[in-house]
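This is what each chain is made of:
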Amino acid sequence: VLRIRYESDEEYQGMYAAILEKAVPSKILFDKKPVIQLAEPFDGVEHSYMITPLLANKLQDKGYHVVVSCGRNSGPKLTLNTLDIYNALQVNFLTPDTNTTKQDAAYGWALNQKDFFPALDAWVDRRRIISKRPFLATLEKVLNPAKADILITSVFHIPYLQKMIELGTMAGFKAVIVLKRGLEGSLAPSLSKATGILCGVQLNDGTIKTKEFDVADEKFRTYKMDADSIEENLTLQANVGLIENHQKQGYSGSKEFDNRIAMAMELYGEGLNWINEQRNLYNFF
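Residues numbered from 1 in each chain as written. Predicted model: local features only at pLDDT ≥ 70, side-chain atom pairs only at ≥ 80, totals over all residues. Heavy atoms only, no water.

Explain the overall build of the chain to me, please; I cannot follow it from the model alone.
In terms of helices and strands, the chain carries 10 helices and eight strands. Relative to the 2.2 N^0.38 estimate, which gives 19 Å for 285 residues, the radius of gyration of the chain is 18 Å and therefore close to what a compact globule would have. Each principal axis of the C-alpha atoms in the chain carries an extent, and together these give about 45 × 45 × 40 Å. Put simply, the chain has 285 residues, and 54% of those count as buried. Look at the contacts in the chain between residues 6 or more apart in sequence, and 74% of them connect residues 24 or more apart. Total accessible area computed for the chain in this model is approximately 12800 Å², and 49% of it derives from carbon and sulfur atoms. (Helix = DSSP H or I, 4+ residues; strand = E, 2+ residues; numbered from the N terminus. Rg over C-alpha atoms; globule rule 2.2 N^0.38 Å. Buried < 20%, exposed > 50% of the residue type's maximum accessible area, 1.4 Å probe, protein only. Contact = heavy atoms within 4.5 Å. Areas by Shrake-Rupley, 256 points an atom, 1.4 Å probe, with all protein chains shown as cover.)

Structure representation (structure tokens):
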């Protein structure tokens, strides 16, 4: 529980099994379109704007259902997280009894993990006291009560890229996309650093095939900037305002914010195209 990094596979599997043992059974049901789960770090951000609801919206436009995993913030960053954003947008949250055959919500289907994993939610208060994020900070991102097919998540520590692929497939995802060097470890890519994604698919024989994509390609140059802004007075209201402006009119009023969304969709789009190619080759979901 107190270890900082590099938990063993056996430890992860044991903790994961313990979480599921206390889970509320989920009746969530989608139609035949593939389901993507977006999973940000639950401690959110302090100095950068989140783009998650707009990613969900645009991924739905590409023909996917999108679920956004949210939960209470265990720290150490406490300014705002995905749960704060979705509460402020006043969206309806999935519950274990939800039947989701009706029309997709504008910003994807949000789910609050406390409704599905109340025993895990009880650990949030303990984690704030002991001030240790892993192991649960990694596992909570791969929990999959909606039975999504594809996980899009992120890591702060580069050695965890492959680990997130392995944990995602352990949790039942057929494919995983992991962003590296996102702002504050989030799903928002940096416009100045060497960011990219690692994609993985689990084939029918259990083996995992991976592929990397980065932003060194010429087509990403139009989005690049010399430095990413560091927001010193980040507020929930400002972040929600950018999201709602972009949703209503196609731009937010911030070139950097809009460029970040465009780069993210270009990058995740490459990953999804590769996953669909593998799906057609190997018919694994």
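Is there a simple way to explain the sheet that holds strand S5 (residues 150–155) in this structure?
Two pairing modes exist for strands in a sheet, parallel and antiparallel, and in both the strands are linked by backbone hydrogen bonds. Taken together, the eight strands give an open sheet; going across it, the order is S3-S4-S2-S1-S5-S6-S7-S8, and neighbouring strands pair in mixed fashion. Of all strands in the sheet, those bounded by a partner on one side alone are strand S3 (93–94) and strand S8 (208–214). Sheet topology places strand S6 (residues 175–180) next to strand S7 (residues 196–202); six bridges connect them, and they run antiparallel. Across the sheet, residue isoleucine 177 finds its bridge partner in S7, namely cysteine 199. Where helix H8 (residues 160–170) meets the sheet, its contacts fall on S5, S6, S7 and S8, and the angle it forms with S6 comes to roughly 155 degrees. (Pairing = 2+ DSSP bridges. Axes fitted to C-alpha atoms, helices over the stretch in contact; angles between N-to-C directions.)

How should the pairing of strand S4 (residues 109–112) be read in this particular structure?
Consecutive side chains of a regular strand alternate in pointing toward one face of the sheet and then the other. Residues Trp109 and Leu111 of S4 are buried on one face, and the alternating residues Ala110 and Asn112, pointing to the opposite face, are buried as well. Where strand S2 (residues 65–70) and S4 come together, four bridges link them in parallel fashion. Counted as the bridge partner of serine 69 is leucine 111 from S4. Alignment of S3 against S4, held across two bridges, turns out to be parallel. By the bridge assignment for S4, phenylalanine 93 is matched with alanine 110.

Please explain the pairing of S8 as it appears in this structure.
As paired elements, S7 and S8 share seven bridges and run antiparallel to each other. Across the sheet, the residue bridging to cysteine 199 is lysine 211, located in S8. Here S7 folds back onto S8 in antiparallel fashion, the turn holding five residues, of which glycine 206 has a positive phi close to 95 degrees.

Whenever I open this one, helix H10 (residues 255–282) confuses me. Can you help?
Since the α-helix packs 3.6 residues into each turn, any two residues three or four apart lie on the same face. The end-to-end C-alpha separation of H10 is 40 Å, in line with the 40 Å expected for 28 residues at 1.5 Å each. In the stretch just after H10, asparagine 283 is the one whose phi turns positive, near 55 degrees. (Expected span 1.5 Å × (residues − 1).)

Please explain the environment of aspartate 217 as it appears in this structure.
By the element assignment, aspartate 217 lies in the loop between S8 and helix H9 (236–249). Among the polar contacts listed, one links the side chain of aspartate 217 to the backbone nitrogen of lysine 219, at a separation of 3.0 Å. (Polar contact = N/O pair within 3.5 Å; in protein donor to acceptor, adjacent residues only side chain to side chain.)

Please explain the side chain of serine 48 as it appears in this structure.
By the element assignment, serine 48 lies in the loop between strand S1 (35–39) and helix H2 (52–61). Given a relative accessible area of 5%, serine 48 falls into the buried group. Of the polar contacts made by the side chain of serine 48, one reaches the side chain of glutamate 184; its length is 2.7 Å. With residues near it in sequence (within four places) discarded, serine 48 still touches Leu183, Glu184, Glu231 and Leu234.

How should I be thinking about unusual backbone geometry in this particular structure?
A negative phi angle is the norm for most residues apart from glycine, just as the trans form is the norm for most peptide bonds. Cis geometry is adopted by the peptide bond preceding proline 76, which originates at glycine 75 and carries an omega value of 10 degrees. Checked against the element boundaries, proline 76 lands in the loop between S2 and helix H3 (82–88). With phi around 60 degrees, glutamine 90 is a residue other than glycine that occupies positive phi space. Relative to the helices and strands, glutamine 90 is located in the loop between H3 and S3.

Which parts of the structure should I look at to understand the pattern of salt bridges?
Close approach of charged atoms allows side chains of opposite charge to pair. Applying the stated rule across the entire model yields 15 salt bridges. Lysine 219 serves as the salt-bridge partner of glutamate 270, at 2.3 Å between the closest nitrogen and oxygen. Pair noted here: glutamate 270 is in helix H10 and lysine 219 is in the loop between S8 and H9, with a separation of 51 residues, a long-range link. Exposure remark for lysine 219: the relative accessible area of 34% places this residue in the partly exposed category. Between arginine 260 and glutamate 256 there is a salt bridge, with the nearest N and O atoms lying 2.5 Å from each other. Taken together, the residues arginine 260 and glutamate 256, both in helix H10 and four residues apart, mark about one turn of the helix. (Salt bridge = Lys/Arg side-chain N within 4 Å of Asp/Glu carboxyl O.)

These results come straight from atomic positions and should not be treated as a statement about function.
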